[in-house]
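Here is what each chain is made of, one letter per residue.
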Amino acid sequence: MKIYLEKLMNRENLSIEEMKIATKYCFTEDITDTEIAAFLTALRAKGETADEIAGIVEVIRSQSPLTSLALPNVMDNCGTGGDKSYSFNISTTSAFVIAGAGITVAKHGNRSISSKTGSADVLEHLGVSLSFSQEHMEEILRENKIAFLFAPHVHDKLKHFMKVRQELGLPTIFNAIGPLTNPVPLDSQFLGVYRQDMVPMMADALHKLGRRRAIVVNGAGSMDEASLAGENHLTLLNEGKQTAFTLTPEEVGLPVYANEQIRGGDAKDNADILLRVLKGNVGPYLDTILLNAGLGIFANGASQTIKEGIDLARESIQSGAALERLQQLVAYSKKIPSEVL
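In this convention, every chain numbers its residues from 1, walking through the sequence in written order. Since the coordinates come from a predicted model, pLDDT governs what is reported: local features require at least 70, and pairs of side-chain atoms require 80 or more to be given and counted, while whole-chain, interface and lining totals use all residues. Only hydrogens and water are set aside; all other atoms, that is, all heavy atoms of the structure, feed into the side-chain values.

Trainee: Mind showing me how you'd approach the overall build of the chain here?
Mentor: The helix count covers DSSP runs of H or I at least four residues long, the strand count covers runs of E at least two residues long, and both are numbered beginning at the N terminus. Along its length, the chain carries 15 helices and 7 strands. C-alpha atoms define the radius of gyration, and 2.2 Å times the number of residues to the power 0.38 defines the globule rule. Expected size for 341 residues packed as a compact globule is a radius of gyration near 20 Å; at 19 Å, the chain falls within 12% of this value. Across its three principal directions, the C-alpha atoms of the chain cover 55 × 45 × 35 Å. Three exposure classes are used, based on accessible area relative to the maximum for each residue type with a 1.4 Å probe and protein chains only: buried under 20%, partly exposed in between, and exposed over 50%. Within the chain, the fraction of its 341 residues that count as buried is 56%. Contacts are assigned to residue pairs that have any heavy atoms within 4.5 Å of one another. A separation threshold of at least 6 residues defines the contact pool for the chain, and within that pool the share at least 24 residues apart is 73%. Accessible surface is estimated by sampling points in the Shrake-Rupley manner with a 1.4 Å probe; for residues, cover comes only from the protein chains shown. Total accessible area computed for the chain in this model is approximately 13,700 Å², and 49% of it derives from carbon and sulfur atoms. Charge assignment in this entry is limited to Lys and Arg as positive and Asp and Glu as negative, and neither His nor the chain termini are counted. For charged residues, the charge sits on one atom: NZ in Lys, CZ in Arg, CG in Asp, CD in Glu. Across the chain, 33 positive and 41 negative side-chain charges occur, with their mean positions spaced 1 Å apart.

Now the structure itself:
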């Protein structure tokens, strides 16, 4: 570890292989809290690269048994957090709409870290289990098109990292990599980041992690979701090629809303908003989901254009398919006992 710490302190970037070696050492019994803290701090001070992000993510994913799931064309949609917008659970709500459009979604998430209510908080309030077994996870994904992967449950070997991270109380590489560490092999992804300068780097990291298609977005007002408040900055990754573009709500036939109009609250408040959206209640919450779910559908490649993706998202809600995906997930949670992976 000393070799890599010296390189980082000299502001030298680590290769993917070097990052893998250093990260693997962090999972051994020989590692100390001081070494992990120094590693995370030195990375942050230098500034992480796409290679370093891809390297640490590959090792973290390899520690979970869910990497063995063999399902075709699975995607995830998630933001990094950190935008301090206190919005409702946009990616969680969008995931059911995307699944309702026929796309398999392995929704990876956690409890609240930088927002009022995390995906796990709102789904738990709705009656969704946070601890499906590997066998049941695969069954649910095949039959229901969506399952929830609670990060601490599928990454239980990260406890040492998390302890040091909490004690540091500073931003680290983990503030960026959460959405990338989904252990299920993903074909495509819709990823939100709260900093515009991170968009191309995260798209590059997704390419190195093997995504066929992906979209990375930094929303208007520095949201880690697509926003109806103005201009969004995006990069489309398609078969290794990156295309940067901007998008406003007017371009896809949606109204403009200030980000303050999509604020959320506690788990109960956000669960109520989620249900109202899936039941088709019109307003800024619904339109925000149409934009984000539409982009997710386009990121997967299930639509040829973003506008077509939005139309498919609207159909998913109006037909009741999106709400049915949630109801079925709750039903599975009631009949399947919670288990440890």
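Here the narrative resumes.
Trainee: Is there a simple way to think about the packing of helix 12 (residues 267–278) against helix 15 (residues 321–335) in this case?
Mentor: Whenever a helix is involved, its axis is fitted only over the stretch in contact; in every case the axis is a line through C-alpha atoms, and angles between N-to-C directions fall within 0 to 180 degrees. In the contact formed by helix 12 and helix 15, the axes pass within 8 Å of each other and the chain directions differ by 135°. It follows that helix 12 is oblique to helix 15 by the angle criterion. Where helix 12 abuts helix 15, its residues Leu 274, Leu 275 and Leu 278 lie against Ala 322, Leu 323 and Leu 326. For classification purposes, an angle smaller than 35 degrees is called roughly parallel, one larger than 145 roughly antiparallel, one from 65 to 115 roughly perpendicular, and anything else oblique.

Trainee: Any chance you could explain unusual backbone geometry here in plain terms?
Mentor: Trans peptide bonds make up the majority, and among non-glycine residues the majority have a negative phi. Positive phi values are uncommon outside glycine, yet Asn 73 reaches one of about 50°. Topologically, Asn 73 is positioned in the loop between helix 4 (50–62) and strand 1 (74–79). Residues other than glycine seldom take positive phi values, yet Tyr 86 does so here, at roughly 55°. Position of Tyr 86 relative to the elements: it lies in the loop between strand 1 and helix 5 (90–100).

Trainee: How should I be thinking about the nonpolar core in this particular structure?
Mentor: Buried together is how nonpolar side chains tend to be arranged in soluble globular proteins. To form a nonpolar core, buried Ala, Val, Leu, Ile, Met, Phe, Trp, Tyr and Cys residues must be joined to one another through side-chain atoms within 4.5 Å. One finds Val 97, Met 137, Ile 215, Leu 278, Leu 291, Leu 295 and Leu 326 to be the most contacted residues of the largest nonpolar core, which totals 71 residues. Per element, the largest residue contribution to this core is 9 residues, and it comes from helix 13 (residues 284–300). Of all hydrophobic cores here, the second largest spans 41 residues; its members include Ile 60, Phe 161, Met 202 and Leu 206.

Trainee: What should I look at first to understand empty space enclosed by the protein in this one?
Mentor: In the cavity and pocket records, a cavity denotes points on a 1 Å grid over the protein atoms alone where a 1.4 Å probe fits but cannot get out, a pocket denotes an open set with protein on both sides within 12 Å along at least 5 of 7 lines, and lining residues are residues with an atom within 4 Å of a point. Grid points are joined across faces, edges and corners, and a volume is the space filled by probe spheres set on the points. Taken as a whole and assessed by the stated rule, the structure comprises 1 cavity of 30 Å³ or more. Taken together, Ile 60, Gln 63, Ser 64, Val 154, His 155, Asp 156 and Lys 157 make up the full set of residues lining the largest cavity. In this count, Pro and Cys sit with the nonpolar residues alongside Ala, Val, Leu, Ile, Met, Phe, Trp and Tyr, while Asp, Glu, Lys and Arg are called charged and the others, Gly among them, polar. Each residue belonging to the lining of the largest cavity can be placed in one class, and the counts come to 2 nonpolar, 3 polar and 2 charged.

Trainee: Could you clarify how one ought to interpret helix 13 in this entry?
Mentor: Structural remark: α-helix, 3.6 residues per turn; residues separated by three or four positions point the same way. For helix 13, with 17 residues, the first-to-last C-alpha span of 24 Å sits near the 24 Å given by 1.5 Å per residue. With 16 of 17 residues buried, helix 13 lies mostly within the body of the structure. Positive phi appears at Gly 301, one or two residues downstream of helix 13, with a value of about 95°. Helices are assigned an expected span. That span is 1.5 Å times one less than the residue count.

Trainee: Sorry, what's going on with the packing of aromatic side chains here?
Mentor: Two descriptors summarise a pair of aromatic rings, namely the distance from one centre to the other and the angle between the planes of the rings. Working definition: rings of Phe, Tyr and Trp (its six-membered ring) pair if their centres are within 6.5 Å, and the pair is stacked with planes under 30 degrees apart, edge-to-face with planes over 60 apart, and tilted otherwise. Counted by the stated rule, this structure contains 3 aromatic pairs. With a centroid separation of 5.0 Å and an interplanar angle of 85°, the aromatic rings of Phe 88 and Tyr 285 are classed as edge-to-face. Taken together, the residues Phe 88 in the loop between strand 1 and helix 5 and Tyr 285 in helix 13 connect sequence positions 197 residues apart. In this structure Phe 88 comes out as buried when scored by relative accessible area, which is 2%. When the centroid spacing of 5.2 Å and the interplanar angle of 50° are considered together, the rings of Phe 161 and Phe 174 count as tilted. Taken together, the residues Phe 161 in helix 9 (residues 159–168) and Phe 174 in helix 10 (residues 174–177) connect sequence positions 13 residues apart. What makes Phe 161 buried here is its relative accessible area of 1%.

Trainee: Would you take a moment to explain the side chain of Asn 218 for this structure?
Mentor: Tracing the sequence through the fold places Asn 218 in strand 5 (residues 213–218). Given the relative accessible area of 4%, Asn 218 is considered buried. In this structure the side chain of Asn 218 is engaged in a polar contact, spanning 3.3 Å, whose partner is the backbone oxygen of Tyr 194. Beyond its immediate sequence surroundings of up to four residues, Asn 218 is in contact with Val 193, Tyr 194, Arg 195, Gln 196, Val 199, Met 223, Asn 232 and His 233. Under this definition, polar contacts are N or O atom pairs within 3.5 Å; protein pairs additionally need one hydrogen-donor-capable and one acceptor-capable atom, and for neighbouring residues in sequence, both atoms have to be side-chain atoms.

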